[in-house]
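Observations on chain architecture
The lines below spell out each chain.
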Amino acid sequence: MTGDASAEQPVVRRRGVRALGIDPGTKRIGLAVSDLSGTIASPLSVLQRSRSQHHDLAEIARIVREEEVEVIVVGLPLNMDGSHGLAAERATADARRLATVVDVPIEMHDERRTTASADRSMLEAGLNAIERRQRVDKVAAAIMLQSWLDARAHRAAGGGGR
């Protein structure tokens with residue numbers, strides 16, 4: 001016995017995933033990214049929608065390449081009863097268009113109440129209305145992505161779920 005436990009037993013690490021969370025809005029797109037282990041989501045940026053869908057998609061594709069993203073998670077704004085309304089249809093259409101310009105899988109994830117939760121947490125942190133408006137979309141994207149990461153970890157641990 002050498003006293004070095006790491007030399008005696010190999011460390012088994014579950015490989016994480018580098019994920020990009022997208023909170024699509026009509027005026028802004030919130031972006032968040034996970035750490036390399038796929039454990040923690042952090043706000044990344046807010047993309048102002050331009051008049052060109054092509055430009056917006058190209059910008060997201062650039063970020064996917066730069067951040068070495070392995071999966072994209074698009075927020076699905078379901079109605080409170082779980083049904084798909086106009087916002088969910090728009091998010092699904094955005095995801096379909098995005099799939100034509102990136103070579104990574106795209107998943108949809110329930111984002112109900114993420115914007116309200118993001119706004120509430122920033123209000124509690126003392127941010128004023130202007131500061132909250134500038135950050136809310138990327139914070140909401142991070143909350144949604146963290147939910148997806150947590151659900152993924154739960155499934156990997158044998159917890160089942162969606």
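Residues numbered from 1 in each chain as written. Predicted model: local features only at pLDDT ≥ 70, side-chain atom pairs only at ≥ 80, totals over all residues. Heavy atoms only, no water.

**Describing the pairing of strand S2 (residues 28-34)**
- Of all the seven residues making up S2, six are buried; the element is thus mostly covered by neighbouring parts of the structure.
- In this sheet, S2 lies alongside strand S1 (residues 19-24) in antiparallel orientation, the contact comprising five bridges. The residue of S2 that forms the bridge with Gly21 is Ala32.
- Connecting S1 to the next strand, S2, in antiparallel fashion are three residues.
- Where S2 lies against strand S3 (residues 41-48), seven bridges are found, and the strand directions are antiparallel. Following the sheet pairing, Arg28 is matched in S3 by Gln48.
- Here S2 folds back onto S3, and the loop between the two strands holds six residues, one of which, Gly38, carries a positive phi near 70°. (Buried < 20%, exposed > 50% of the residue type's maximum accessible area, 1.4 Å probe, protein only. Helix = DSSP H or I, 4+ residues; strand = E, 2+ residues; numbered from the N terminus. Pairing = 2+ DSSP bridges.)

**Let's talk about helix H4 (residues 114-124)**
- Of the positions making up H4, those classed as buried are Thr114, Ala118 and Met122. Here the buried residues of H4 occupy an arc of 65° about the axis, which is enough to place them on one side. Residues of H4 that are exposed and point more than 90 degrees away from the buried face comprise Leu123 and Glu124.
- On its buried face, H4 is in contact with helix H5 (129-156).
- Just past H4, the residue Gly126 takes up positive phi, approximately 90°. (Arc of directions from axis to C-beta. Contact = heavy atoms within 4.5 Å.)

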